[in-house]
Amino acid sequence: MNKFVLGFGAALVTAAGYGQVVDFEDVTLGAGNYYNGNDGAGGFVSRAAAFNNTYDTNWDFWGGWAASRVVDTTTEGFGNQYASFAGGGLASAQYGVAFNSFRGEAVVGLPAAPVGLWLSNTTYAALSMRNGDGFAKKFGGTSGNDPDWFRLTIFGMDGAGQQTGAEEVYLADFRFADNDLDYILDEWKWVDLTTLGNAIRLEFRLESSDVGQFGINTPTYFSIDDIHLVPEPMTVVALGVGFAACLRRRR
């Protein structure tokens, strides 16, 4: 098989593996360049993917998902809870922010199985880990040797409510013997979700080494962008037909 055929085959696999992309660009934002559900809608939809949200009007408090285009990697504290520490979206302006203090608080309903997504810290969580604050410790401690960590687990669920798999990602890791290897994620990181199989729902759990009387002290936030989905079957069929036609022409 010649290089043309090999190259086209690779392109077919890529196209079949990356269908629709959920990029948050179709979500209407409000004042402050974010949407946090303060209209009581209970969530929002981006590219046919559903993101849940709860909002308490008495306390101006939200949970689940927000959509944002905030770019602020320097302001510390709760007042900057809608900013990604990567400095905006991945390839476009808007992205998603999750406040997920327990599994099931932030949920994504998908129109097709996931291939993967891009993940980052929020500025609020990252600067809390880097510097410490009134609630959470500075990761690494005074000496820098404390083996602190902040971990996200992504769970896949099928249409029957059964778990299809789980994927763990560290948003910060200070467990290395060499402190120069310690890190707090400050860019967009690709997370492969093909291990979740035919999942059509994503749930999330955040865990931290910094735990107090009332649970995790680290702010339970993270950011995502560009969720890639497996394409519809007819898309793959069309790609296959095109591939076969090219083979015939080449011969």
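Quick caveat, the model's predicted, so the values are computed rather than measured.

**Student:** Please explain the overall build of the chain as it appears in this structure.
**Tutor:** Scanning the chain from N- to C-terminus turns up 3 helices and 16 strands. Relative to its 251 residues, the chain shows a buried fraction of 47%. Summarising the internal contacts of the chain: among those between residues at least 6 apart in sequence, 73% fall at separations of at least 24. Split by element, the accessible area of the chain, about 12200 Å² in all, is 54% carbon and sulfur.

**Student:** Sorry, what's going on with the packing of aromatic side chains here?
**Tutor:** The geometry of an aromatic ring pair is captured by the separation of the ring centres together with the interplanar angle, meaning the angle of the planes. Counting across every chain of the model gives 21 aromatic pairs. Aromatic pair Tyr35 and Phe44: ring centres 6.0 Å apart, planes at 80°, arrangement edge-to-face. The pair Tyr35 / Phe44 is uniform in exposure class, with both members buried. Stacked on the ring of Phe155, the Lys or Arg Arg103 has its end atom at 3.6 Å from the ring centre.

**Student:** Explain the nonpolar core here, please?
**Tutor:** Across soluble globular proteins, you tend to see nonpolar side chains buried next to one another. Counting 43 residues, the largest nonpolar core has Phe51, Trp65 and Phe222 as the members making the most contacts within it. Counting residues per element, the ones that place at least two in this core are strand S4 (49-56), strand S5 (61-68), strand S8 (114-120), helix H2 (123-131), strand S9 (149-157), strand S10 (163-173), strand S13 (201-208) and strand S16 (221-229). Ala83, Tyr95, Val97 and Trp188 belong to the second largest nonpolar core, which has 11 residues in total.

**Student:** Which parts of the structure should I look at to understand the pairing of strand S3 (residues 43-46)?
**Tutor:** Looking along a regular strand, one sees the side chains alternate between the two faces of the sheet. Where S3 lies against S4, 4 bridges are found, and the strand directions are antiparallel. In the sheet register, Val45 faces S4, and the bridge partner there is Ala50.

**Student:** Which parts of the structure should I look at to understand H2?
**Tutor:** Turn by turn, an α-helix covers 3.6 residues, leaving residues three or four places apart pointing in a common direction. Within H2, 7 of the 9 residues are buried, which leaves the element mostly enclosed by the surrounding structure. Among all positions of H2, only Thr123, Tyr124, Ala125, Ala126, Leu127, Ser128 and Met129 are buried.

Reading the values: rules and limits
- Sequence order as written defines residue numbering, which begins from 1 separately in each chain.
- In keeping with the model being predicted, local features are shown solely for residues with a pLDDT of at least 70 and side-chain atom pairs are shown and tallied solely at 80 or more, while totals for entire chains, interfaces and linings include all residues.
- With hydrogens and water excluded, all non-hydrogen atoms of the structure serve as input to the side-chain values.
- Helical segments are the DSSP runs of H or I of at least four residues, strand segments are the runs of E of at least two, and each set is numbered from the N terminus.
- Remark: exposure states derive from per-residue accessible area (1.4 Å probe, protein chains only) relative to the maximum for the residue type, with buried under 20%, exposed over 50%, and partly exposed in between.
- Any two residues whose heavy atoms approach within 4.5 Å are treated as being in contact.
- Note that accessible areas follow from Shrake-Rupley with a 1.4 Å probe, and for residues the cover is restricted to the protein chains shown.
- Side-chain rings of Phe, Tyr and Trp, where Trp is taken by its six-membered ring, are said to pair if the distance between their centres is within 6.5 Å; with planes under 30 degrees apart they count as stacked, over 60 as edge-to-face, and otherwise as tilted.
- Only Lys NZ and Arg CZ are tested; either one counts as a charge over a ring when it is within 6 Å of the ring centre and within 35 degrees of the ring normal.
- The criterion is simple. A nonpolar core is a set of buried Ala, Val, Leu, Ile, Met, Phe, Trp, Tyr and Cys residues joined through side-chain atoms within 4.5 Å.
- Pairs of strands are assigned from DSSP output, requiring at least two bridges between the strands.

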